[in-house]
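Below, each chain spelled out in residue letters.
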2 protein chains.
Amino acid sequence: MSATVADPDPTSLGPPAPRTDRPVPVADRVEAELAAFLDQRTAQLTGISADLSVLAEVARAAVLNGGKRLRPTFAYWGWRCVSPAGAAGEDELVRAAAGLELLHACALVHDDMMDASDTRRGQPAAHVRFGRFLGEQGWAGNARSFGAAGAILLGDLLLSWSEELFTAAIGCLPSDRARAATAQFGQMRTEVVAGQFLDMLAQSRGAFDPAEALRVIEFKTSKYTVQRPLLVGAAAAGGSPELISVLSDYGVLVGEAFQLRDDLLGVFGDPTRTGKPAGDDLREGKRTLLVALAYQQADPAQRELLRAGIGDPQLSGTGVDRLREVLTATGAHQQVEQRILARAGEAIRRLADGRLQPDAAQALTALARAASHRTS
Amino acid sequence: MSATVADPDPTSLGPPAPRTDRPVPVADRVEAELAAFLDQRTAQLTGISADLSVLAEVARAAVLNGGKRLRPTFAYWGWRCVSPAGAAGEDELVRAAAGLELLHACALVHDDMMDASDTRRGQPAAHVRFGRFLGEQGWAGNARSFGAAGAILLGDLLLSWSEELFTAAIGCLPSDRARAATAQFGQMRTEVVAGQFLDMLAQSRGAFDPAEALRVIEFKTSKYTVQRPLLVGAAAAGGSPELISVLSDYGVLVGEAFQLRDDLLGVFGDPTRTGKPAGDDLREGKRTLLVALAYQQADPAQRELLRAGIGDPQLSGTGVDRLREVLTATGAHQQVEQRILARAGEAIRRLADGRLQPDAAQALTALARAASHRTS
């Protein structure tokens, strides 16, 4: 996610660099923790057998792939709502936050395998890398099933590692704070699976239901990407119940704005900026709030277009254009735009109730704007 | 695994019931912990959405499915090497040990999906249950891909839950012991993935290599099923370095005996007792020590039979008989039998060095015999 207004550095998602006391942006610190952790684990795996070097290499590629480190960034700013920059425990919190990114790497590796998505950020997905490895060896065996099995195992490994990195780091903080942060992390892991499962149900059911679309967003994006990471950080810093409540609301609001923006970009975005072919979300049949609202407000002819076009993998460019017209003519496009701005605005206003450290309030304001205004 | 000699209760794998101070066998205590944990998590999931009840139901079916609870049983006896029955912390240890079983449930759910094995202990596998659920709803959507995705997500959930149950329970013990047990649990999780990956490599490579077969056994079975669970328990009880060393050796030896017996039963066992069609391991092309030794010692005509038959999914009953003859004529069958007895005997002798609680020594002796002598 890149910012258009307040965030000149799309990779850090932090506030403008000169304003922080630390010269190193949080995403870079997370990157360094991840690289160090993967070095250790590569040694562990190759210590078991040199044959495991391919597993270690694909793990490294899956984790150190230029991700935006959104979840660790929110965890950091959750912590910084309470603690000034450089306070005791900050390095441990950043390390624990890097653990959230290993969880996300697991989710992406498994997701790409389930969806048969062969690239991730322009690079081969993990299942593709394992399949290619098999081909290069000139062995018998089916490259596709080897690739799929390798990706499942790698995801399981990343999920275990995620918890190990998180727990070891958070355990260096006072035990009541560590316990509270760990409980948030546990919620995050159950909720992301719940959200993904609800999304599968919604797509299989094939209904156009705004309430269902919002519920999927709440669990699959808002809580997983924004709310729980923020609360991990705030709980680790010993945040008050009032702060937890404020960040909880902010997280759900900003997460929703972020996802709704993503949905709009998937249909109306500039493919040269988003990196995704325009209309792919329509072809995949995603049950977004955008299409659910359009369907609800459509006349019979428009409904027929939506029913026939959404989820049609062969949908032409003209077909995509026609659906875009329906999404706009029904008012759904405009409604979603308004909802994004309202959610982001409400989130920013809510921050005033939390007695945040000033630079954290500034950073979270910038993040809310970036989530809602981004163009890629 | 059921016992033939010293263990009259094939489901508990403990020593004869009248000898213990506790009336409830460890497997039953584990079962009760798992049921209570799943009740909590069912409430958590259905609290998110009633639509998640299917996820909770398949989770319950995958965990409470009549499994032998081998890993918790070994964890319990590892603990009992140090602590007399009913010592403080035993209930917490049993609860943590139940966490190992959730890890195993994850492994089975993911394994069955990767191997497209549609039944598990005579019941539908998780991916089959999810696929059927979709069919029953009468929705669009592909039952097979829905089933596969559901199984991946469920396995991820079970893996997270495994750690949560383990960590919450082990955290009730003194912190140095909790840390040592947690380190063993971490090793267990990385090693089982490593073992499964090495197994995939071995099968894809298609070589007949005794050393490779033994290495797969070491990580995929010995450490995962016996050694690490024992060490989790012993570390949780504050076992001495000498005890850890003894149990470490015992675990590798008994695990190997267990797996080699499994390999023999897969080829020579009575299908009415093993519950698996005879010869399926040969059709699947498993690279066992048995076939690797046979290949090494075969004459050219026998080698040709092995090369052609092993891994041939269409292999006939006569073909299986012919391979059995080769496995026996080359001496491999007998060698593996001898190795099983030698490993189990060595494991039992090694126990004498550990100054174990007498009833734990007796139980581990019975378990070693059961692992090596079983017929199903």
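Residues numbered from 1 in each chain as written. Chains lettered and ligands numbered in written order. Predicted model: local features only at pLDDT ≥ 70, side-chain atom pairs only at ≥ 80, totals over all residues. Heavy atoms only, no water.

Novice: How would you explain the overall build of chain A if you had to name every residue and give the values?
Specialist: In terms of regular secondary structure, chain A is built from 16 helices and two strands. For 376 residues, the compact-globule estimate of 2.2 N^0.38 gives 21 Å, and chain A sits close to it at 21 Å. For the C-alpha atoms alone, the extent of chain A along its principal axes is close to 65 × 60 × 35 Å. Put simply, chain A has 376 residues, and 56% of those count as buried. In chain A, of all internal contacts separated by at least 6 residues, the share reaching a separation of at least 24 is 74%. Approximately 14,100 Å² of chain A is accessible, and the part contributed by carbon and sulfur atoms is 50%. Separation of charge centres in chain A, based on 40 positive and 45 negative side chains, amounts to 3 Å. (Helix = DSSP H or I, 4+ residues; strand = E, 2+ residues; numbered from the N terminus. Rg over C-alpha atoms; globule rule 2.2 N^0.38 Å. Buried < 20%, exposed > 50% of the residue type's maximum accessible area, 1.4 Å probe, protein only. Contact = heavy atoms within 4.5 Å. Areas by Shrake-Rupley, 256 points an atom, 1.4 Å probe, with all protein chains shown as cover. Lys, Arg positive; Asp, Glu negative; His and termini not counted. Charge placed at Lys NZ, Arg CZ, Asp CG, Glu CD.)

Novice: Any details on the relation of the copies chain A and chain B? Residues and values, ideally.
Specialist: Mapping chain A onto chain B is achieved by rotating through 180° and translating by 0.0 Å along the same axis, at an RMSD of 0.0 Å. Taken together, the rotation and translation relating the two chain copies correspond to the operation of a two-fold axis. No C-alpha of chain A lies nearer the rotation axis than that of Asp156(A), which sits 3.5 Å from it. When the interface residues of chain A are mapped onto chain B, 100% of them again lie at the interface, so the same face is used by both copies. (Least-squares fit on C-alpha atoms with pLDDT ≥ 70 in both.)

Novice: I'd love a proper account of the packing of aromatic side chains, names of residues and values included.
Specialist: How two aromatic rings sit relative to each other is given by the distance of their centres and the angle of their planes. Enumeration according to the criterion identifies 16 aromatic pairs over all chains in this entry. For the ring pair Phe166(A) and Phe185(A), a centre distance of 4.1 Å and an interplane angle of 20° mean the geometry is stacked. Taken together, the residues Phe166(A) in helix 6 (residues 143-170) and Phe185(A) in helix 7 (residues 175-205) connect sequence positions 19 residues apart. By relative accessible area, which is 0% here, Phe166(A) ends up buried. Here the guanidinium or amino end of Arg287(A) rests over the ring plane of Phe208(A), the centre of that ring lying 4.4 Å away. One residue, Arg303(B), lies across the ring of Tyr295(B), its end atom 4.5 Å from the ring centre. (Phe/Tyr/Trp six-rings, centres within 6.5 Å; stacked < 30°, edge-to-face > 60°. Lys NZ or Arg CZ within 6 Å of the ring centre and 35° of its normal.)

Novice: Help me get a handle on the nonpolar core, residues and values and all.
Specialist: It is characteristic of soluble globular proteins that their nonpolar side chains tend to be buried jointly. Ranked by internal contacts, the top residues of the largest apolar core, which has 184 residues, are Tyr250(A), Leu364(A), Tyr250(B) and Leu364(B). In this structure, Leu364(B) is in contact with Phe74(B), Trp77(B), Cys81(B), Leu230(B), Leu247(B), Tyr250(B), Leu351(B) and Leu356(B), ignoring residues within four places of it in sequence. (Core = buried A, V, L, I, M, F, W, Y, C linked by side-chain atoms within 4.5 Å.)

Novice: I'd like to hear about the pattern of salt bridges, residue by residue, with values.
Specialist: Enumeration over the complete set of coordinates arrives at 56 salt bridges over all chains. Linking Asp51(A) and Arg205(B) is a salt bridge whose minimum nitrogen-to-oxygen distance equals 3.3 Å. One end of the pair, Asp51(A), is in the loop between helix 1 (26-48) and helix 2 (53-63); the other, Arg205(B), is in helix 7 (residues 175-205), on a second chain. Asp51(A) sits in the partly exposed class, given a relative accessible area of 26%. The network of salt bridges with shared partners includes Arg41(A), Glu163(A), Glu164(A) and Arg189(B). (Salt bridge = Lys/Arg side-chain N within 4 Å of Asp/Glu carboxyl O.)

Novice: Account for helix 8 (residues 210-236) of chain A, naming residues and giving values.
Specialist: All names here are of chain A. Along its length, helix 8 reaches its greatest deviation from straightness, about 60°, at Lys223. Counting buried positions along helix 8 gives 22 out of 27 residues, so the element sits mostly inside the fold. Capping the start of helix 8 is the job of one residue whose side-chain oxygen sits 3.0 Å from the backbone nitrogen of Ala211: Asp209. Immediately beyond the C-terminal end of helix 8, within one or two residues, lies Gly238, with a positive phi of roughly 75°. (Bend = angle between axes of the 7 residues up to and from the residue. Polar contact = N/O pair within 3.5 Å; in protein donor to acceptor, adjacent residues only side chain to side chain.)

Novice: Help me get a handle on unusual backbone geometry, residues and values and all.
Specialist: In the Ramachandran plot, Arg121(A) falls in the positive-phi region, its phi being about 50° despite a non-glycine side chain. Mapped onto the elements, Arg121(A) comes out in the loop between strand 1 (119-120) and strand 2 (123-124). Phi at Ala116(B) is positive, roughly 50°, even though this residue is not glycine. Looking at the secondary structure, you find Ala116(B) in the loop between helix 4 (90-115) and strand 1 (119-120).

Novice: Tell me about the environment of Arg283(A), residues and numbers included.
Specialist: Residues and elements named next belong to chain A. Summarising the element assignment, Arg283 is placed in helix 11 (residues 280-284). Residues contacting Arg283, with those up to four places away along its chain left out, are Ala278, Gly311, Asp312, Pro313, Leu315, Ser316, Gly317 and Val320. In terms of polar contacts, Arg283 uses its side chain to reach the side chain of Asp280, at 3.1 Å.

Novice: Describe in detail the interface of chain A and chain B, supporting the description with residues and values.
Specialist: The interface of chain A with chain B comprises 46 residues on the first partner and 47 residues on the second. Carbon and sulfur atoms make up 72% of the area that chain A and chain B hide from each other, which totals about 4,300 Å². When the area that chain A buries against chain B is broken down by residue, the three leading residues are Ile48(A), Leu153(A) and Phe197(A), summing to 15%. Scanning the region where chain A abuts chain B turns up eight salt bridges. Arg189(B) is the partner of Glu163(A) in a salt bridge, and the nearest nitrogen-oxygen pair spans 2.4 Å. (Buried area = accessible area lost by both parts, 1.4 Å probe.)

Novice: Can you lay out the environment of Arg179(A) for me, pointing to particular residues and giving the numbers?
Specialist: Counting through the fold element by element, Arg179(A) comes out in helix 7. Once the C-alpha coordinates of Arg179(A) and Ala235(A) are considered, the two residues, 56 residues apart in sequence, prove to be 8.6 Å apart.

Novice: Which residues make up the confidence of the model for chain A, and what values go with them?
Specialist: For any part of a model where pLDDT is low, the fine detail of the predicted coordinates should not be relied upon. Residue and element names in this part refer to chain A. On average, residues of chain A score 91 in pLDDT, and 94% of them reach the 70 mark or higher. By mean pLDDT, helix 10 (residues 271-274) is the weakest element of chain A at 80, and helix 2 is the strongest at 98. For the stretch residues 1-20, pLDDT sits under 50, and the model shows 41 contacts to residues farther than four places along the chain or on other chains. (pLDDT = per-residue confidence, 0-100.)

Novice: Lay out the side chain of Ser83(A) with the relevant residues and their values.
Specialist: Here Ser83(A) shows up in the loop between helix 3 (70-80) and helix 4 (90-115). Non-local contacts of Ser83(A), meaning those with residues more than four positions away in its chain, are made with Ala237(A) and Gln357(A).

Novice: Explain the state of the cysteines to me, using residue names and the numbers behind them.
Specialist: Within the structure shown, the criterion is met by zero disulfides over all chains. Cys106(A) takes part in no disulfide bond, and the closest cysteine sulfur to it belongs to Cys106(B), at a distance of 9.3 Å. A relative accessible area of 2% places Cys106(A) in the buried class. (Disulfide = S-S within 2.5 Å.)

Novice: How would you summarise the environment of Ile310(A) if you had to cite specific residues and measurements?
Specialist: All names here are of chain A. Tracing the backbone shows Ile310 in the loop between helix 13 (300-309) and helix 14 (317-329). The buried category is assigned to Ile310, whose relative accessible area is 7%. When the C-alpha atoms of Ile310 and Gln227 are compared, they prove to be 31 Å apart, with 83 residues separating the residues in sequence. Sequence-distant contacts of Ile310, defined by excluding residues within four places in its chain, comprise Phe208, Leu282, Gly285, Arg287, Val291 and Leu323.

Novice: So, the packing of helix 12 (residues 289-297) of chain A against helix 15 (residues 332-351) of chain A: which residues are in play, and what are the values?
Specialist: Residue and element names in this part refer to chain A. One can describe the packing of helix 12 onto helix 15 by two numbers: an axis separation of 8 Å at closest approach and a directional angle of 135°. In this view, helix 12 runs oblique relative to helix 15, as classed from their interaxial angle. With respect to the hand of their crossing, helix 12 and helix 15 are arranged in right-handed fashion. Of the residues in helix 15, those in contact with Leu289, Leu290, Leu293, Ala294 and Gln297 of helix 12 are Ala332, His333, Gln335, Val336 and Arg339. When the residues that make up the contact of helix 12 with helix 15 are grouped by side-chain class, the tally is six nonpolar, three polar and one charged. (Axes fitted to C-alpha atoms, helices over the stretch in contact; angles between N-to-C directions. Parallel < 35°, antiparallel > 145°, perpendicular 65-115°, else oblique. Left-handed = near helix turned anticlockwise from the far one by under 90°. Nonpolar A, V, L, I, M, F, W, Y, C, P; charged D, E, K, R; others polar.)

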